[in-house]
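# Structure assessment
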Amino acid sequence: MILDGAAAISMLLALFAALGWAPTEATMGDVQRIFYFHVSTGWVGFSALLVGLVGAILYLWREEGRFDSLSLASVEIGFTFITMNILTGSLWAKPVWNAWWTWEPRLTTAAILWLIYLAHLMLRSSIDDPQRAARFAAVYSIPAAASIPITFLAIFWWRGMHPVMGGLTPRMLVTLLLSVGAFTLLYLALLRHRLRLAHLGREIASLGEQAEKRRT
Amino acid sequence: MSFWRVVAAIVWKDVVAEWRDKEVLSAMFALAALVILIFNFAFELRVGNVREVVPGALWVAFIFAGMLGLSRSFVLERDRGYLDGLLLAPVDRSAILVAKSLSNWLFMSLIEVIVLLLASALFNLDLMRADLLLVTALGTGGYAGLGTLMSALTANTRAREVLLPALLLPVAVPLLLAVVKATAGLLDGGTLAGVVHWLQMVIGFDIIFLTLAGVLFGFVVEE
């Protein structure tokens, strides 16, 4: 409850700060303001996927359902945030680079990252047995995550280079940190709800199994 | 039984079983040859020098034909109950993965040699060079190893073969990139020394993903 409220309030504050309070950037103008949400969804989304990976490894090691729930919830939220990251990046790119997309290293790696986690979610939904789905998704996560830095390196060798961050005034930095904080709170709030949902799902499944046993 | 004797036995079983009807091998060859042909038509309309697209066209053909062979490795096993037999035997689980990867690698390599001969004739290029064959073999090895693990994951799902490309291709991107670059470098008149950093990426990928596949396979087949 408090987490949801905190997430909502910080999101509103971040929105206000990014659109109004932060100064207008010298070269790019107002379109630069999308950067606060682009970077926030990027950092938080990527971290969420890392949490998903850790959950997967823990699940393979310990085989406890809660690790799989953590992994699934974090991957779902992270995937959504990465989608937002790519879309905001594209919206920014058109007025600034005059192209919706380029095949430079970070973008290409981001697209492949997106496809990998799409495949991850497809794999989960195509397996009926929940324990097998958890195990297979966890197994897939590991080479999938390992390939991402390698992909970035390969494409970096293949093409030369995304704007690097620099030259932030104090107000911009505060806005950025506020925005990252807001998205982190949003992630935690969503995670809490999703974990509760997963836990309830597992309880229902085990109740169903018990009912089956009693019937036979 | 020792690890390598088990691997050899499983590889031999796969080779003999496939050689009897050559069902999958012929499907793989047909697909690869068709891809090469279609690329020729597709790019002749736009690109002046078709030779420039040969490395990419070859590897697209190998990747998709290879996918056919990979999906076979566990689907057939499951359908005919061979996998249960293998799992009941007191063998190290990773021996099954190594054996399956090896047989997939063998089948893919056989098709690749035939397709390279065909492409040499069609594009009037010398593709049967030792350095090119080495690069092809190295790239195929990593793809076969990773693909065997992914095939084991998808063989048990509802979506089956449809899911395998979605799972395998994004993860295999760096391998594909490196091997196409290395192939292109060689065809542009270079030597192995000239493409050494791409070759390093291919070998690095092979080692990392074959190791991961070997370690993770046990989790896939446990019941």
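Residues numbered from 1 in each chain as written. Chains lettered and ligands numbered in written order. Predicted model: local features only at pLDDT ≥ 70, side-chain atom pairs only at ≥ 80, totals over all residues.

## Looking at the overall build of chain B
When its secondary structure is counted, chain B shows eight helices and zero strands. Helices and strands appear in chain B in the N-to-C order α-α-α-α-α-α-α-α. Over its C-alpha atoms chain B spans a radius of gyration of 18 Å, differing by no more than 12% from the 17 Å that the globule rule assigns to 223 residues. Burial status across chain B gives 45% buried among its 223 residues. Looking at chain B alone, contacts between residues at least 24 apart form 79% of all its contacts between residues at least 6 apart. (Helix = DSSP H or I, 4+ residues; strand = E, 2+ residues; numbered from the N terminus. Rg over C-alpha atoms; globule rule 2.2 N^0.38 Å. Buried ≥ 20, exposed ≤ 12 C-beta atoms within 10 Å, placed from the backbone. Contact = placed C-beta atoms within 7 Å.)

## Regarding the packing of helix α6 (residues 130-155) of chain B against helix α8 (residues 196-221) of chain B
All names here are of chain B. Running from N to C, α6 and α8 point in directions that differ by 20°, and their axes come no closer than 9 Å. One element, α6, and the other, α8, form an angle in the roughly parallel class. The two elements α6 and α8 meet at a crossing, and its hand is left-handed. Contacts from Val135, Leu138, Gly139, Gly141, Gly142, Gly145, Leu146, Thr148, Leu149, Ala152 and Leu153 in α6 reach Leu199, Val202, Ile203, Phe205, Asp206, Phe209, Leu210, Ala213, Leu216, Phe217, Val220 and Val221 in α8. A per-class count over the contact of α6 with α8 returns 17 nonpolar, five polar and one charged. (Axes fitted to C-alpha atoms, helices over the stretch in contact; angles between N-to-C directions. Parallel < 35°, antiparallel > 145°, perpendicular 65-115°, else oblique. Left-handed = near helix turned anticlockwise from the far one by under 90°. Nonpolar A, V, L, I, M, F, W, Y, C, P; charged D, E, K, R; others polar.)

## Some thoughts on unusual backbone geometry
Even without glycine at this site, Asn98 of chain A takes up a positive phi of about 60°. Considering the arrangement of structural elements, one finds Asn98 of chain A in the loop between α3 (65-97) and α4 (105-125). Accessibility expressed as a C-beta count within 10 Å gives 7 for Asn98 of chain A, which makes it exposed. Despite not being glycine, Asn124 of chain B shows a phi value in the positive range, around 55°.

## Details of helix α1 (residues 3-21) of chain B
One full turn of an α-helix is made of 3.6 residues, so residues set three or four places apart face in the same direction. Residues and elements named next belong to chain B. Taking 1.5 Å of rise per residue, 19 residues should cover 27 Å, and α1 covers 29 Å from first to last C-alpha, within 8% of that figure. Every buried residue belonging to α1 is among Val7, Ile10 and Asp14, and all of these are buried. Taken around the axis of α1, the buried residues stretch over an arc of 70°, which confines them to a single face. Among the exposed residues of α1, those pointing more than 90 degrees away from its buried face are Trp4, Arg5, Trp12, Val16, Trp19 and Arg20. On the buried face of α1, the contacting elements are α5 (93-123). (Expected span 1.5 Å × (residues − 1). Arc of directions from axis to C-beta.)

## Some thoughts on the nonpolar core
In terms of nonpolar packing, the biggest core is built from 127 residues, with Leu153 and Ala178 of chain B touching the most fellow members. If you tally residues by element for this core, the top one is helix α7 (residues 163-187) of chain B, at 15 residues. Setting aside residues no more than four positions away along its own chain, Ala178 of chain B makes contact with Ala154 of chain A together with Trp198, Met201, Val202 and Phe205 of chain B. (Core = buried A, V, L, I, M, F, W, Y, C linked by C-beta atoms within 7 Å.)

## Here's the deal with the environment of Met128 of chain B
Residue and element names in this part refer to chain B. Its place among the elements puts Met128 in the loop between α5 and α6. The exposed category is assigned to Met128, around which 12 C-beta atoms lie within 10 Å. In the structure, Met128 is positioned 12 residues away from Leu116 in sequence and 6.8 Å away in space, judged by C-alpha atoms. If we skip the residues at most four places from it in the chain, Met128 touches Leu116, Leu117 and Ser120.

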